[in-house]
Amino acid sequence: MITYAFVLLAILAIASAIAMVMNKNTVNSALFLVLNMLSLAGLYLLLQAQFLAVIQILVYAGAIMVLFLFVIMLLNVDDEAQFLDKFRVKYFLAFLLGVVVFGQIIYTIGGVTDLLPEISPEMERVGTVEAVGDVLFTDYMLPFEMTAILLTAAVVGALMVAQYKIKRTDGIDE
Amino acid sequence: MIEIDWYLALSAVLFTTGLIGVLVRRNAIVLFMCIELMLNAVNLSLISFASYHGNTEGQILVFFALAVAAAEAVVGLAIIIAIFRNQLSVDITRVNLLRW
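Residues numbered from 1 in each chain as written. Chains lettered and ligands numbered in written order. Predicted model: local features only at pLDDT ≥ 70, side-chain atom pairs only at ≥ 80, totals over all residues.

(A) Local environment of the overall build of chain B. For chain B, the count of helices and strands is three helices and zero strands. Walking chain B from its N terminus toward its C terminus, one meets helices and strands in the order α-α-α. The C-alpha atoms of chain B give a radius of gyration of 17 Å, which is well past the 13 Å a tight globule of 100 residues would have. Each principal axis of the C-alpha distribution contributes one length, and for chain B these read about 50 × 25 × 20 Å. For chain B, the residues scored as buried account for 48% of the 100 residues in total. A separation of at least 24 residues holds for 50% of the contacts in chain B among residues at least 6 apart in sequence. (Helix = DSSP H or I, 4+ residues; strand = E, 2+ residues; numbered from the N terminus. Rg over C-alpha atoms; globule rule 2.2 N^0.38 Å. Buried ≥ 20, exposed ≤ 12 C-beta atoms within 10 Å, placed from the backbone. Contact = placed C-beta atoms within 7 Å.)

Dropping the structure here:
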């Protein structure tokens, strides 16, 4: 049963990732990325990491992708008209580099087969909100607080960068 | 049961897809989404290692990676908006002011 679910979710994840890269329309790409993240959340559930599955849907598929869609609609981006219309050396080189990187990773994994055959039985209590929160608010309290500062700094920095008022080089302010 | 190798292989496939996307696409927003895809692939391998070892630390690391990814997305999209204001395009081949 778990094997079938894994195969289904893995095929969904890979197909949506490829569709995201190949799609000419930016909005469709973003929606395929949402699908990819939902299938990854399902895989986290199979790995018995319930807390992170929920966080994945809330933060990634919810917040970050809504931000992406907002920016796409705000900028009114055109489609990439000439994408994949004709063969280019650049595409071939990119594909070649991808194959090389993939081969490297698979070679590294392939050296250690039968490493960990089964999910650890401890995982049933490790993956819950209770267990993660327990560790997060005791051992990792300081990094957690620093994350808050990081997010605040990111928001302030984004406001600074995306400010409306810009100085042109010809001296005319908008 | 599924061995951990399959999760790692899936993670490798997703990472490679994102990498090829970064190299091939020219739209800055799609490029950004490909980077998010690569981050997600690494998160998947971290979580699979965490759960096959029965270890909470890996999940905590993924939690912090998620927070950093959110911050990175916010700042990156702000930069894309700033570029669009100046160039009226998000085509990264047209952002060549610093190119030699």
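So much for the structure itself; the text now carries on.
(B) How the structure looks around the overall build of chain A. Within chain A one finds seven helices and zero strands. Along chain A, helices (α) and strands (β) appear in the sequence α-α-α-α-α-α-α when read from the amino end. Every one of the 174 residues in chain A was classed for burial, and the buried ones make up 25%. Within chain A, counting contacts between residues at least 6 apart in sequence, those at least 24 apart form 54% of the total.

(C) Main features of the interface of chain A and chain B. In this assembly, 71 residues from chain A lie in contact with 58 residues from chain B. Among the elements of the structure, helix H1 (2-22), helix H2 (26-46), helix H3 (50-75), helix H4 (89-110), helix H5 (123-126), helix H6 (129-136) and helix H7 (141-161) of chain A are those that each provide at least two residues to the side of chain A that touches chain B. Looking at the side of chain A that touches chain B residue by residue, the class counts come to 57 nonpolar, eleven polar and three charged. (Nonpolar A, V, L, I, M, F, W, Y, C, P; charged D, E, K, R; others polar.)

(D) Representation of the environment of Thr147(A). Examined against the element boundaries, Thr147(A) turns out to sit in helix H7. Once you skip the residues sitting within four places of it in the chain, Thr147(A) turns out to touch Phe64(B) and Ala67(B).

(E) Structural context of the confidence of the model for chain B. For chain B, the mean per-residue pLDDT works out to 88, and 99% of the residues sit at or above 70. Taken over the whole predicted complex, pTM reads 0.88, whereas the ipTM for its chain interfaces reads 0.91. (pLDDT = per-residue confidence, 0-100.)

(F) Looking closely at the nonpolar core. If you look at the biggest cluster of nonpolar residues, it comprises 65 residues, and the most contacted ones within it are Leu33(A), Tyr44(A), Leu52(A), Ile29(B), Met33(B) and Ile47(B). Mapped onto this core, the elements with two or more residues apiece are H1, H2, H3, H5 and H7 of chain A together with helix H1 (4-24), helix H2 (28-53) and helix H3 (56-87) of chain B. Looking at this core, the element that brings in the most residues is H2(B), giving twelve residues. Not counting chain neighbours up to four residues away, the residues in contact with Ile47(B) comprise Tyr44(A), Leu47(A), Ala49(A), Leu52(A), Gly58(B), Gln59(B) and Val62(B). (Core = buried A, V, L, I, M, F, W, Y, C linked by C-beta atoms within 7 Å.)

(G) Looking closely at the packing of H4(A) against H1(B). Packing of H4(A) against H1(B) leaves a shortest axis separation of 9 Å and a crossing angle of 160 degrees. What the angle tells us is that H4(A) and H1(B) run roughly antiparallel. By crossing handedness, the relation of H4(A) to H1(B) is classed as right-handed. Here Tyr91(A), Ala94(A), Phe95(A), Leu97(A), Gly98(A), Val101(A), Phe102(A), Ile105(A), Ile106(A) and Ile109(A) of H4(A) lie close against H1(B), whose contacting residues are Asp5(B), Leu8(B), Ala9(B), Ala12(B), Thr16(B), Leu19(B), Ile20(B), Leu23(B) and Val24(B). Considered class by class, the residues forming the contact of H4(A) with H1(B) number 16 nonpolar, two polar and one charged. (Axes fitted to C-alpha atoms, helices over the stretch in contact; angles between N-to-C directions. Parallel < 35°, antiparallel > 145°, perpendicular 65-115°, else oblique. Left-handed = near helix turned anticlockwise from the far one by under 90°.)

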